[in-house]
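# Per-entry structural report
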Amino acid sequence: MSTATFKIWRGDATGGNFVDYTAQVSEGMVVLDALHQIQATQANDLACRWNCKAGKCGSCSAEVNGMPKLTCMTRMSQLPLDKPVTIEPMKAFPLVKDLVTDVSWNFAVKKKIKPFKPRAPDAPDGSWRMAQADVDRVQEFRKCIECFLCQDVCHVLREHHKHDEFIGPRFLVYVAALEMHPLDTEDRRADLKQAHGIGLCNITKCCTKVCPENITITDNAIIPLKERVVDGFYDPLRWLLNSAKKTLKR
Amino acid sequence: MPDYPTHEHDVLIIGSGGAGLRAAIEASAAAVKVGLVCKCLLGKAHTVMAEGGIAAALANVDERDGWQVHFADTMRGGQYVNNWRMAELHAKEAPARVRELEAWGALFDRTPDGRILQRNFGGHKYPRLAHVGDRTGLEMIRTLQDHGVHLGIDVHMEVAIVELLKDGDRVVGALGYDRERGQFKIFHAKAVVLATGGIGKSYKITSNSWDCTGDGHALAYHAGAELLDMEYVQFHPTGMVWPPSVCGMLVTEGVRGEGGILTNKDGKRFMFDSIPDNYKAQTADNEEEGWRYTQGDRNARRPAELLTRDHVARCIVREIKEGRGTPHGGVWLDISWIKKRIPNAAEHIKRKLPSMYHQFKQLGDVDITREPMEVGPTTHYIMGGVRVNADTQMSCVPGLFAAGECAAGINGANRLGGNSLSDLLVFGKRAGEHAAKFAKESKAGQISAAQIEEGARSALEPFDRNVSAGQFEGPYQVQYDLQEMMQREVGIVRRQDEMERALEGLAKLWERARRVGVTGHRQFNPGWHTALDLRSLLTVSEAVTRAAIERKESRGAHFREDFPDKDATFGKTSLILRKGPDGAMQLRREPLPALPDHLKKVIEEMK
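Rules and cut-offs
- Residues numbered from 1 in each chain as written.
- Chains lettered and ligands numbered in written order.
- Predicted model: local features only at pLDDT ≥ 70, side-chain atom pairs only at ≥ 80, totals over all residues.
- Heavy atoms only, no water.
- Helix = DSSP H or I, 4+ residues; strand = E, 2+ residues; numbered from the N terminus.
- Contact = heavy atoms within 4.5 Å.
- Areas by Shrake-Rupley, 256 points an atom, 1.4 Å probe, with all protein chains shown as cover.
- Lys, Arg positive; Asp, Glu negative; His and termini not counted.
- Charge placed at Lys NZ, Arg CZ, Asp CG, Glu CD.
- Rg over C-alpha atoms; globule rule 2.2 N^0.38 Å.
- Buried < 20%, exposed > 50% of the residue type's maximum accessible area, 1.4 Å probe, protein only.
- Polar contact = N/O pair within 3.5 Å; in protein donor to acceptor, adjacent residues only side chain to side chain.
- Pairing = 2+ DSSP bridges.
- Domains from an automatic or database assignment.
- Buried area = accessible area lost by both parts, 1.4 Å probe.
- Salt bridge = Lys/Arg side-chain N within 4 Å of Asp/Glu carboxyl O.
- Nonpolar A, V, L, I, M, F, W, Y, C, P; charged D, E, K, R; others polar.

### A short note on the overall build of chain A
What chain A contains, in helices and strands, is ten helices and seven strands. Seen through its C-alpha atoms, chain A measures out along the principal axes to roughly 75 × 45 × 25 Å. Here the analysis covers contacts within chain A between residues at least 6 apart in sequence; of these, 61% occur between residues at least 24 apart. When the accessible surface of chain A is summed, it comes to about 11,200 Å², and 54% of that surface belongs to carbon and sulfur atoms. When the 35 basic and 30 acidic side-chain charges of chain A are each reduced to a single mean position, those positions are 5 Å apart.

The following block contains the structure:
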């Protein structure tokens, strides 16, 4: 068994600093194990969120050596242990304490997105018929565990703080899941263009890179949504037709 | 009245997993004011980890299925000590609850003709589990969450409840604290629904999340409700055993449903050696027939690996104890072997079991499409819980309801895989509906300032003890010692002397828990949270131990080395725990309600 050193952010909204800790490293250990060890033996009040410790709930997000990660899925063996491992809270959200941030903004954003609106059932028992092939692409988006690492890494939120104008990659994936749902009849294109701020995304693909569920956020969700918005609002032929209609009405 | 923020609700729901969310949706449909308290963030509750599927007799894959078959399977799996009425309601209502999820946006895997696909699972006669790969729990919780947030439910995230508030006999609210800021909150409600899930964190090796600390069981018990069937703790046969960091992490039964086999170190499929008599007629007696079953042959019987969880777990323990285990003390679970049978097996495995593939690859350096997995039993689920009325889910305390894992009855002595998610939906809905009805018919009760002051005072006590000076102990060591002890003394194989030792140990742990201290301040302080969770963990551990000592027979998940057989008298007896007037835990026996003739007939016909 070897030891590793850590620099863990300790503090709250008023300020803080990195504190050094040491932990024993055993085979197969993940960063969250080290946090638990430190919590149990050296710093009972070290704040970090976690639930399942199996990569399924998306609670334990933090920045490990500067990279947004689920601490429960980051193996110690993947990190260089000859220098201290730094663990910091996510940067795109206000700090509560230590590694815990206030992610409530995300929950408020989701509430504003128009909910699922299915077409009438296909069968008398109230059920629908859908082909697996049509379900596949939406199932990719529904793998999302809402860890908010994509939100954390997105420069529109992280650097430019456009939380009021832009819903972020997580919720663009959410809108994509609704828009491409085989049963959904709602049209969210106007919202995407205006309230959701899809135009602010300049497809740097950082979100895709950090997604622990390997969802191809940019290529499969955001770009097709951008295309739908363009089709709806910027198609030159449709624009001509619309202006012709308006002229005729006058 | 102490100066804490007070929230007024008609119905307060404690717990935000499948049962809590479903109850909240139903209660808000009845146009009452609903509050939902989550110990964690919304959508992170333990339901998110459910993998295999939701059991419901939709009959999409095999039209011979129906509620009667599902009912008989559930009763057989539970060794006939289930609450028959709950098992009946569950089997009848589960299909409608699943279809409802689809109407709210859930996207299950499909049959070739476009309907909801169903998969095989242990103890279910026909393919019955509606699923999404092996992440069904995520699909279910997200669907309920996304539907629920538009219904005007007040969600209180990261709030833990320390006490239920009472007005005379009746429950009229709860006192909690906000984990982020450490402030107390008062919830004033006409009805309270407990949906807090399980107790897995009483044990060292468990598939459960940190928050499965038996809060609902303990809150109900201390408020005067009865606990039932607490001796029945399910150890899931397949948890990861290596590396140590992931020991206990769940490996879905879906692996076996898709054709995975269990072998010992000699490569022998040991499950075929010991098929219980009551399952002989419906279990394959050779490997070939078992394989055909997993591939959808309607005339084949299921392989022995798909026997019920209690039985499979005990067979695994036997193999390990008798020296036929794997290097790290487990057995082999192999799905990679199907490459001998089907083309593109690796792709098939990754599609049907994506999170298992991911989990083993990332955490265990094992590629399950090429190598076997090392697995062993892990504490997974408690069949016991708050005793409730089958139709309304109300406990013996007026205004106090319970649903999901923290309620008892549906599963008897052993739960079938997939019956948990359907239980959450069926009884979450019923609890929400009847809690709303109760709230509408009741006047608001009085909350007591004295009870709140005392609850807050005792919750803050750990701050008065200075751990840094070395005079007091922190909470983590007490928690570890409890988990170690429960694992060792009240685990899969139980014995009188060991469990009596556990009772003495629990008394000592209670003493230590009353004296733990914490460092730091009240803002998001996990040390403090752990100190408070200890009270729930110790209460439920004591309940499990006392009931397990009393049941001097082996039945379902409860296995006694000193009483290895079933006992006819115990088979007709329920064990009920209640807090006595002196504060001590009291246990009494009660006869099990008799099965009505029409259901007896159903069971006979399905034999």
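And the narrative resumes.
### Observations regarding the overall build of chain B
Looking only at helices and strands, chain B features 17 helices and 20 strands. For chain B, whose C-alpha radius of gyration is 23 Å, the value lies close to the compact-globule estimate of 25 Å for 607 residues. When the backbone C-alpha atoms are referred to their principal axes, chain B occupies close to 70 × 55 × 50 Å. Every one of the 607 residues in chain B was classed for burial, and the buried ones make up 69%. Long-range pairs, those at least 24 residues apart, make up 74% of the contacts in chain B with a sequence separation of at least 6. Where the 80 positive side-chain charges of chain B centre and where its 81 negative ones centre are 2 Å apart.

### Concerning the side chain of Asp65 of chain B
All names here are of chain B. For Asp65, the position within the fold is in the loop between strand S3 (54-55) and helix H2 (67-77). A distance of 2.8 Å separates polar atoms of two side chains, one belonging to Asp65 and the other to Arg128. Ignoring any residue separated from it by four or fewer positions in sequence, one finds Asp65 in contact with Ala57, Ala59, His70, Tyr126, Pro127 and Arg128.

### Quick look at the pairing of strand S5 (residues 85-88) of chain A
Residues and elements named next belong to chain A. Summarising the sheet, strand S1 (residues 2-12) and S5 pair through three bridges and their orientation is parallel. By the bridge assignment for S5, Ile8 is matched with Ile87. The pairing of strand S3 (residues 61-64) with S5 spans two bridges and is antiparallel. When the sheet's bridge partners are listed, Val64 is paired in S5 with Ile87.

### Quick look at the domain arrangement of chain A
Residue and element names in this part refer to chain A. Domain parsing of chain A yields domain 1 (2-100) and domain 2 (103-236). A straight line from the C-alpha centre of domain 1 to that of domain 2 covers 30 Å. Each side of the interface is counted separately: domain 1 has 15 residues, and domain 2 has 16 residues. Around 1,200 Å² of area is buried between domain 1 and domain 2 when both sides are counted, 64% of it from carbon and sulfur atoms. If you sort the residues of domain 1 by the area they bury against domain 2, Pro68, Ala92 and Phe93 come out on top, with a joint share of 43%. Applying the counting rule to domain 1 against domain 2 returns one salt bridge.

### Description of the domain arrangement of chain B
Quite often, the size of an interface is put as the accessible area lost when its parts meet. All names here are of chain B. The domains assigned to chain B are domain 1 (240-377) and domain 2 (450-565). Summarising the inter-unit geometry, the C-alpha centres of domain 1 and domain 2 are found 34 Å apart. At the junction of the two partners, domain 1 supplies five residues and domain 2 supplies six residues. A buried area of about 450 Å², summed over both sides, lies between domain 1 and domain 2, and 69% of it is on carbon and sulfur atoms. Inspection of the domain 1/domain 2 interface yields zero salt bridges.

### Overview of the sheet that holds S3 of chain B
Residue and element names in this part refer to chain B. An order of S3-S5-S4 is seen for the three strands of this open sheet, with the pairing classed as antiparallel. Among the strands making up the open sheet, the edge pair consists of S3 and strand S4 (118-119). In this sheet, strand S5 (residues 129-130) lies alongside S3 in antiparallel orientation, the contact comprising two bridges. Its bridge partner lying in S5, Ile54 is registered against Ala130.

### Observations regarding the interface of chain A and chain B
Of the residues lining the interface, 58 residues belong to chain A; the matching set on chain B comes to 62 residues. When the area that chain A buries against chain B is broken down by residue, the three leading residues are Asn44, Lys56 and Arg142 of chain A, summing to 14%. At the surface where chain A touches chain B, the tally comes to eight salt bridges. Here Asp146 of chain B makes a salt bridge to Lys110 of chain A, at a shortest N to O gap of 2.6 Å. Here chain A is connected to chain B by 35 residue pairs in polar contact (both at pLDDT 80 or more). Contributing elements (two or more residues each) for the side of chain A that touches chain B: helix H1 (31-41), strand S6 (95-97), helix H2 (104-112) and helix H3 (132-141) of chain A. Counting residues per element, the side of chain A that touches chain B draws most heavily on H3 of chain A, which supplies four residues. Its residues placed into classes, the side of chain A that touches chain B shows 31 nonpolar, eleven polar and 16 charged.

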